[in-house]
Amino acid sequence: MTDAKLEIQMLHDRVMVRIAAESGERRSSGGIVIPATAQMAKRLIWGEVFGVGSHVRTVKVGDQVLFNPDEQFEVEVQGQAYLVMRERDLHAVATEQTDQGTGLYL
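The numbers attached to residues start from 1 for each chain and follow its sequence in the written order. Only residues with pLDDT of at least 70 are given local features in this predicted model, and only at 80 or more are side-chain atom pairs given and counted; all residues enter the totals for whole chains, interfaces and linings. Computation of side-chain values: all heavy atoms of the structure, hydrogens and water removed.

- An unreviewed UniProt entry lists the protein chain under the name 10 kDa chaperonin, with Saccharopolyspora flava given as the organism.
- UniProt positions are given in the numbering used here, feature names are shortened, and annotations may be inferred rather than shown by experiment. Turning to the protein chain, the UniProt annotation filed under Sequence similarities (unreviewed entry) states: "Belongs to the GroES chaperonin family."

1. Quick word on the overall build of the protein chain
At step 1: Under the scheme used here, helices are H or I runs from DSSP no shorter than 4 residues and strands are E runs no shorter than 2 residues, and both carry numbers assigned from the N terminus. Along its length, the protein chain carries zero helices and eight strands.
At step 2: Taken from N to C terminus, the helices and strands of the protein chain fall in the order β-β-β-β-β-β-β-β.
At step 3: Residue exposure (1.4 Å probe, protein chains only): buried if accessible area is under 20% of the type maximum, exposed if over 50%, otherwise partly exposed. Counting across all 106 residues of the protein chain, residues that qualify as buried make up 25%.
At step 4: Taking all contacts inside the protein chain whose residues are at least 6 apart in sequence as the whole, residues at least 24 apart take part in 60%. Pairs of residues are marked as contacts when any of their non-hydrogen atoms sit within 4.5 Å.

2. Here we look at the pairing of strand β4 (residues 45-52)
At step 1: Two strands make a pair as long as DSSP finds a minimum of two bridges between them. In this sheet, β4 lies alongside strand β1 (residues 14-19) in antiparallel orientation, the contact comprising five bridges. Each bridged residue has a counterpart across the sheet, and for V17 the counterpart in β4 is V49.
At step 2: Pairing between β4 and strand β5 (residues 64-67): four bridges, direction antiparallel. Considered in β5, the bridge of E48 is made with Q64.

3. Topic: the pattern of salt bridges
At step 1: When a carboxyl oxygen of Asp or Glu lies within 4 Å of a side-chain nitrogen of Lys or Arg, that pair is called a salt bridge. Tallied over the full model, the rule gives three salt bridges.
At step 2: R14 is paired through a salt bridge with D13; the nearest N and O atoms lie 2.6 Å apart.
At step 3: Classification of R14 by relative accessible area gives partly exposed; the value is 28%.
At step 4: One connected set of salt bridges, linked through shared partners, spans D13, R14 and R86.

4. Concerning the nonpolar core
Proteins that are soluble and globular tend to have nonpolar side chains buried together.
At step 1: Core analysis: the biggest nonpolar cluster contains eleven residues, these being V15, V17, I45, V49, V56, V59, V65, F67, L83, M85 and L90.
At step 2: If you list the elements that add at least two residues to this core, you get β1, β4, β5 and β7 (80-86). In these notes, a set of buried Ala, Val, Leu, Ile, Met, Phe, Trp, Tyr and Cys residues joined through side-chain atoms within 4.5 Å is what counts as a nonpolar core.

5. Notes on the packing of aromatic side chains
At step 1: Pairing of aromatic rings covers Phe, Tyr and Trp, the last counted by its six-membered ring, and requires centre-to-centre distances within 6.5 Å; plane angles under 30 degrees mean stacked, over 60 mean edge-to-face, and any other angle means tilted. Tallying each qualifying case throughout the model produces one aromatic pair.
At step 2: Seen in terms of ring centroids, F50 and Y82 are 5.5 Å apart; in terms of plane orientation they differ by 70°. Their pairing is edge-to-face. Placement of the pair is F50 in strand β4 and Y82 in strand β7, with a sequence separation of 32 residues.
At step 3: Judged by its relative accessible area of 33%, F50 is partly exposed.

Below you can see the structure in the form of structure tokens.
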């Protein structure tokens, strides 16, 4: 048996996302550090898309997406944590080209 590397391919409407590094601890506008464990309300976070299934229509690899991290599946690949979710669980996408944008930018 060889030690060939196998490429991961997402299936159907699944999206693989890596959470942005700044999604944990954050600072208030007054400079107060707010730990990642502080829960005031459900908080959506940004992540980068690393893989998409063949039925995904609105995002592509490299896009930044907004989602709720609490209801997703986590998988570790080569020591890096990723989340796997359905495309419908995404709330927004930040991409270089858009036809129906909000006028807000990251």
